[in-house]
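The chain contents come next:
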Amino acid sequence: MTLDKILYIIILIFVTGGVCAQETATVSGTLKNSKGEPLQYANIAILGEPEVVISDAKGFFTIKIPANQNIKIGISFIGHKTLLQTFNLSPGENADFSSVLINTVTGMETYDHVEEGNRGDPMVRIEPKLAKNFVGPNESVEAILKTLPGVSSNNELSSQYSVRGGNFDENLVYVNDIQIYRPFLIRAGRQEGLSFINSNLVSDIKFSAGGFGAKYGDKMSSVLDVTYKEPEEFGGSFTASLQGASVHIEGASKNHRLTFLTGVRYKTNQYVLQSLDTDGEYRPSFLDAQTYITYDINEKWEIGFLGNVAQNKYKFIPDTRQTEFGTINQALQLTVFFDGQEVDQFQTYFGAISNTFTPKEGLELKFITSAFSTLEDEKFDIEGGYRIDELERDLGSDEFGDVKFNRGVGTFMDHARNTLDANVINVEHKGKKIAGNHTTFWGVKYQHEFIEDKISEWGFVDSTGFFIPQGADSIGYTDALAQGEQLLELNEVLKSKVTLNSSRYSSYLQRSWVWEKDTVNYTFTAGARGAFWDLNEELIVSPRVAFSVEPNWKRDFLFRLAGGVYYQPPFYREMRDFDGNINRNIKSQRSYQAVLGSDYNFEAWGRPFKFTTEVYYKHMENVIPYELDNVRIRYHATNNANAQAAGVDMKINGEFVKGVESWFSMSVSKVREDLVDDRKVTYLNSDGDTIISGFTANNVIADSLEVGPGWIPRPTDQRVNFALYFQDYIPKLPSLKMHIALYYATGLPFGPSDDHERYKATLRIPAYRRVDMGFSYLLKKAEKHGKSKIIGNFENIWISAEVFNLLQINNVISYLWVKDVTNRNYAVPNYLTSRQINVKLHFEF
């Protein structure tokens, strides 16, 4: 037995050992507003504790507290006064805390909002209803995240997001304590389809942009923790829009031992894709079905099943494309005539069975078995004939904007027959124990992966009769037959077949303490994770700590400090290089992180507000460089870089309009990396000038210079991000609401895509700017019965009208690189969607 394995066994023994018992009591109750209506999604928490309980559809809640000590419980809900009460209960005692929350705003309906949850917890709590009503072409939980500080995205068609300079693969996503995976082969946001998370089924959303605890897995950027509902009564919803439809039903048995939750969604973004600059026939079809069922065997044992089946199809038959680009001094136009098609299919299957035991008060033991399978098929044969023209730029000319002369013509062809089958099986145990003023979390996990990947992909470019790259020819030779064999050179060829079979082992232990001294509240959390992968025989240990203090000042401040070592073990995508080869000796990326934050609660105009600030620094080693094209990440598959990320995130949220919560967020950051083995070679001609292909007349190499490029921006280096989500209403007609989402992000780095030299990616895409606006009207609300028998069967009916990309801004997602026979590169922008209108109907019953 190797030393690594012995150390890992020691970690497992440490993690699973010694959890002390502690007697507890119970506080429960029903919450209502001043009208006697139940308050769903109210927050109930022990002051200083990280855990928050949410009231259900009937306003009911129950929370466990330590016995034989003074425990202060708080109840909060947006637009209502916060309630505080202290309890000192005997072991096993039950206390009632049923309350009526006083509305601080008169004449208002219930509005959706973001709830920060417990202040000492680094996880931000998000109101689930926001995801269903959020304005934008991508209706998902992830769309809300893009408005939070530290989170950025420059693609409205994708649910992927970058957090504090990390890429999409660095984000953890959990649903009911089970890690979720995303497809591997997707190249563009328009192929992506539906996010796994069905917002109709969600009861709780928590998110952290960094500094999260050891109970969450090994990723370097963020964690999104989603919990699905356990309904109390029958209900459901139906939504239809120009982008698709969704339906869900939920319910429980009479004795509430059985609960069920099922949702079906269909999405087609054909309507939105028609605004892209490539004309053609778009046939996207995205369908998924999810179910979550729980059954109580007895009072101490619950079985749950979570299942998902998704089938995403994307067919595209391009016709023509015309894109204008360049500068005022050199205005160019690319025109392409296409032939061929692209057919992609992504099938995903997921299933999980959980057994949750509560053998005694305050102790929870959970055993989870899950399986994930994805079958991905990518096929395309697309040929294009293109011409590059220069446009008339003389403002006084009658032909301003027309083609002045042609700079070159050519053809290209791209071919692919790629398939990938991936299967991941997990068996894990998680536990939680409340003991006095501390809570302990622990877990162990076994994961097995089987991946089979087949790649067959190539392309060529022919510019005015010359293939690029252009091979040697026999022109000018006396005896052409004496020359060697001439081969057709393709500009990119990928041919490989890979089978990967491996197992991973991981465990964690985390404990949180909460105490009060001299009216000052403290929270301290410490924990560690361990993991071992049998493919590269690497053992990693990841300690993490967090501390918060809430001083007894006249102004309501709280300060947080968190840090630790965050590893990211490579998954299949990080291991595959540009030629399709697998690096089986690749190691985990390592990040040392520190986060210092504060939040300040205050009142303005007699309404509550919160200002949050976090300053962070990350030092990363064993970094795997990568290139980003749309949503496709292509790794160099080697640990040959160091990286740094530093920045500040700020957010202010509150009732800018009375009774309605809105927020502004802003982030400033710098993310860079240094490849330890790269070299930049500059070629000089006899005149001492730098040779630039396609520009320099004298291309004969006389000398060269070789230097190390040093620090360069990472592909996700967006220096400034700003986001706004604003809600408003008409005071005399509060059923009519307005939502607006505004985004601004400075441009991402990019460079030529043919030689994969990272130091060349120092150009910048133009800034991403977008405004989406929506109006919604509540046709019927639960407490009012409609005159129509059909309408009377529904609790709520909404109708919405949305305008996407209100300002008609042409945002760039990536570039198409076109060469002429002189080897001169032209970067032609690929634009995102233009202005579109969407109409949506939503029914709840």
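Residues numbered from 1 in each chain as written. Predicted model: local features only at pLDDT ≥ 70, side-chain atom pairs only at ≥ 80, totals over all residues. Heavy atoms only, no water.

Caption draft 1: Broad picture of the overall build of the protein. Across its full length, the protein holds 6 helices and 47 strands. Residues classed as buried in the protein amount to 54% of the 845 residues present. Here the analysis covers contacts within the protein between residues at least 6 apart in sequence; of these, 67% occur between residues at least 24 apart. Surface accessibility of the protein: about 36,600 Å² in total, with carbon and sulfur atoms responsible for 55%. (Helix = DSSP H or I, 4+ residues; strand = E, 2+ residues; numbered from the N terminus. Buried < 20%, exposed > 50% of the residue type's maximum accessible area, 1.4 Å probe, protein only. Contact = heavy atoms within 4.5 Å. Areas by Shrake-Rupley, 256 points an atom, 1.4 Å probe, with all protein chains shown as cover.)

Caption draft 2: Up close: unusual backbone geometry. Even without a glycine there, the phi angle at N176 is positive, about 55 degrees. Even without being a glycine, N805 presents a positive backbone phi close to 55 degrees. Within the secondary structure, N805 sits in the loop between β44 (796-804) and β45 (812-819).

Caption draft 3: Here's a closer look at the nonpolar core. By size, the foremost hydrophobic cluster in this structure holds 72 residues, and its most contacted members are I197, F207, L224, Y228 and Y572. The greatest single-element share of this core, amounting to 4 residues, is contributed by helix α3 (residues 141-145). Ignoring any residue separated from it by four or fewer positions in sequence, one finds Y572 in contact with F184, L420, I451, D453, V498, L500 and I582. Formed by 19 residues, the second largest nonpolar core is a distinct cluster that contains I44, I63, I73 and F87. (Core = buried A, V, L, I, M, F, W, Y, C linked by side-chain atoms within 4.5 Å.)

Caption draft 4: Molecular detail of the pattern of salt bridges. Summed over the entire model, instances satisfying the criterion amount to 32 salt bridges. Here D218 makes a salt bridge to R544, at a shortest N to O gap of 3.6 Å. Linking D218 in the loop between β14 (202-208) and β15 (222-228) with R544 in strand β28 (residues 538-550), this pair joins segments that are 326 residues apart in sequence. Between E390 and R393 there is a salt bridge, and its shortest N-O distance comes to 3.0 Å. In this structure E390 comes out as buried when scored by relative accessible area, which is 6%. What emerges from the salt-bridge pattern is a single network uniting R164, R560, D599, E614 and D649. (Salt bridge = Lys/Arg side-chain N within 4 Å of Asp/Glu carboxyl O.)

Caption draft 5: A look at the side chain of T268. Here T268 shows up in the loop between β18 (258-267) and α4 (270-273). Taking the relative accessible area as the measure of exposure, T268 reaches 15% and is therefore buried. Contact partners of T268, with chain neighbours within four places excluded, come to L242, Q243 and P284.

Caption draft 6: Layout of the sheet that holds β15. Spatially, β9-β14-β15-β12-β13 is the arrangement adopted by the 5 strands of the open sheet, whose pairing is mixed. Sheet topology places β9 (124-126) and β13 (178-179) at the edges, where each strand pairs with a single neighbour. With 3 bridges connecting them, β9 and β14 associate as antiparallel partners. If you follow V124 over to β14, its bridge partner there is F207. (Pairing = 2+ DSSP bridges.)

Caption draft 7: Inspection of the packing of aromatic side chains at higher detail. For the coordinates displayed, the defined rule picks out 35 aromatic pairs. Ring centres of F212 and Y566 lie 5.1 Å apart, and the angle between their planes is 70 degrees; this geometry places the pair in the edge-to-face category. Placement of F212 in the loop between β14 and β15 and of Y566 in strand β29 (residues 556-568) is noted, with a sequence separation of 354 residues between them. In this structure, F212 and Y566 share a single accessibility class: buried. Seen in terms of ring centroids, W663 and Y725 are 4.9 Å apart; in terms of plane orientation they differ by 40 degrees. Their pairing is tilted. Here W663 is found in strand β35 (residues 660-675), whereas its partner Y725 is found in strand β39 (residues 720-730), with 62 residues between them in sequence. Both residues of the pair, W663 and Y725, count as buried. Cluster of aromatic residues (ring-pair linked, three or more members): W553, F557, F559, Y600, F602, W605, F609, F656 and F664. Just above the ring of F441 sits the side chain of K215; from NZ or CZ to the centre is 4.2 Å. Directly above the aromatic system of W711 lies the positively charged group of R672, at a separation of 4.4 Å from the ring centroid. (Phe/Tyr/Trp six-rings, centres within 6.5 Å; stacked < 30°, edge-to-face > 60°. Lys NZ or Arg CZ within 6 Å of the ring centre and 35° of its normal.)

Caption draft 8: Expanded view of the pairing of β44. In the sheet, strand β43 (residues 768-780) pairs with β44 via 7 bridges, with the strands oriented antiparallel. Counted as the bridge partner of K780 is I797 from β44. Bridge analysis of β44 against strand β47 (residues 836-844) gives 9 bridges, and the strand direction is antiparallel. Looking at β47, one finds that I799 is bridged to L841.

Caption draft 9: Quick look at the environment of L500. As for its position among the elements, L500 is in strand β26 (residues 492-517). C-alpha separation for the pair L500 and A422, spaced 78 residues apart in sequence, amounts to 9.3 Å. If near-sequence neighbours (up to four positions away) are discounted, L500 is found in contact with E449, F450, I451, L535, Y572, M575 and R584.

Caption draft 10: Focus on the confidence of the model for the protein. Taken over all residues, the pLDDT of the protein has a mean of 84, while the share at 70 or more is 89%. The low-confidence segment residues 6-21 (pLDDT under 50) makes 29 contacts with residues lying over four places distant or belonging to another chain. (pLDDT = per-residue confidence, 0-100.)

Caption draft 11: Summary view of a nonpolar patch on the surface. Taken together, L242, I730, L733, Y777, L779, I799, I837, V839 and L841 make up a surface patch of nonpolar side chains, about 710 Å² in accessible area. Secondary-structure elements contributing two or more residues to the nonpolar patch are β43 and β47. Of all the elements, β47 adds the most residues to the nonpolar patch, at 3 residues. With respect to the helices and strands, L841 occurs in strand β47. Using a relative accessible area of 31% as the deciding quantity, one classes L841 as partly exposed. (Patch = residues over 30% accessible without salt bridge, like charges linked within 9 Å, V, L, I, M, F, W, Y side chains within 5 Å.)

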